[in-house]
Amino acid sequence: MSATASSLTAALATITEHWQPHRVASVNDHDVKIVKLQGEFVWHSHPETDELFLVVEGELTIQLRDRDVVLGPNELFVIPQGVEHCPKAEHEVSAVIIELGGTVNTGDAGGDRTSPLRELS
């Protein structure tokens, strides 16, 4: 484990593709990931873990089956385990995601939007 500080701004500047999470750190058994989002993702859930979204830049809508949660910069929302959701962003969003290590980005939905976890280089 590195004992150096990390700049989210600098790390996010290296990401060029949307919906491709990159791990920047691990805390106990959880991954801290950064990601850029644009467009609509897939409806999915994570049966084994909660998922925290923290918006750094932009506006993110987390669609739930009964309502939408809209997040702006410096706002966060925790999606409880097993709750079906679908993130979407009309314009590019930079975000931090914290979830149990090994969690797949598309959860139980799978499909062609599934991305391997990338390490920030």
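Please read these numbers as outputs of a predicted model, since none were measured by experiment. (Residues numbered from 1 in each chain as written. Predicted model: local features only at pLDDT ≥ 70, side-chain atom pairs only at ≥ 80, totals over all residues. Heavy atoms only, no water.)

(A) Main features of the side chain of Ser 45. Tracing the backbone shows Ser 45 in the loop between β2 (30-40) and β3 (51-57). The contacts of Ser 45, once residues within four sequence positions are left out, are Gly 82, Val 83, Glu 84, His 85, Gly 107 and Asp 108. (Helix = DSSP H or I, 4+ residues; strand = E, 2+ residues; numbered from the N terminus. Contact = heavy atoms within 4.5 Å.)

(B) Spatial organisation of the pattern of salt bridges. All told, the structure shown has five salt bridges when counted by the stated rule. Glu 17 is the salt-bridge partner of Arg 118, the closest N and O atoms lying 3.7 Å from each other. One end of the pair, Arg 118, is in strand β8 (residues 118-119); the other, Glu 17, is in the loop between α1 (8-13) and β1 (22-27), with 101 residues separating them in the sequence. Exposure remark for Glu 17: the relative accessible area of 45% places this residue in the partly exposed category. (Salt bridge = Lys/Arg side-chain N within 4 Å of Asp/Glu carboxyl O. Buried < 20%, exposed > 50% of the residue type's maximum accessible area, 1.4 Å probe, protein only.)

(C) The environment of Asp 50, seen in detail. For Asp 50, the location among the structural elements is in the loop between β2 and β3. On a C-alpha basis, the gap between Asp 50 and Val 96 in space is 14 Å, while along the polypeptide they are 46 residues apart. Filtering out sequence-adjacent residues up to four positions away, Asp 50 remains in contact with Val 78, Ile 79, Pro 80, Gln 81, Ile 98 and Glu 99. Within the structure, the side chain of Asp 50 is placed 2.8 Å from the backbone nitrogen of Gln 81, a separation counted as a polar contact. (Polar contact = N/O pair within 3.5 Å; in protein donor to acceptor, adjacent residues only side chain to side chain.)

(D) The arrangement of the environment of Asp 29 in detail. Tracing the backbone through its elements, the reader meets Asp 29 in the loop between β1 and β2. Ignoring sequence-local partners within four residues, the contact set of Asp 29 consists of Leu 100 and Gly 101.

(E) Fine view of the side chain of Ser 115. Relative to the elements of secondary structure, Ser 115 occurs in the loop between β7 (85-100) and β8. Within polar-contact distance, the side chain of Ser 115 engages the side chain of Gln 20 at 2.8 Å. Leave out the neighbours within four places in its chain, and Ser 115 touches Trp 19, Gln 20, Pro 21 and Asn 105.

(F) Seen up close, the nonpolar core. In this structure, Leu 37, Phe 53, Leu 60, Ile 62, Leu 71, Phe 77 and Val 93 are the most contacted members of the largest nonpolar core, which totals 17 residues. For this core, the secondary-structure elements that each account for two or more residues are β2, β3, β4 (60-64), β5 (68-71), β6 (76-79) and β7. For this core, the element with the highest residue contribution is β7, accounting for four residues. Ala 11, Ile 15, Val 32 and Val 96 belong to the second largest nonpolar core, which has six residues in total. (Core = buried A, V, L, I, M, F, W, Y, C linked by side-chain atoms within 4.5 Å.)

Taken by themselves, the reported measurements are silent on function.
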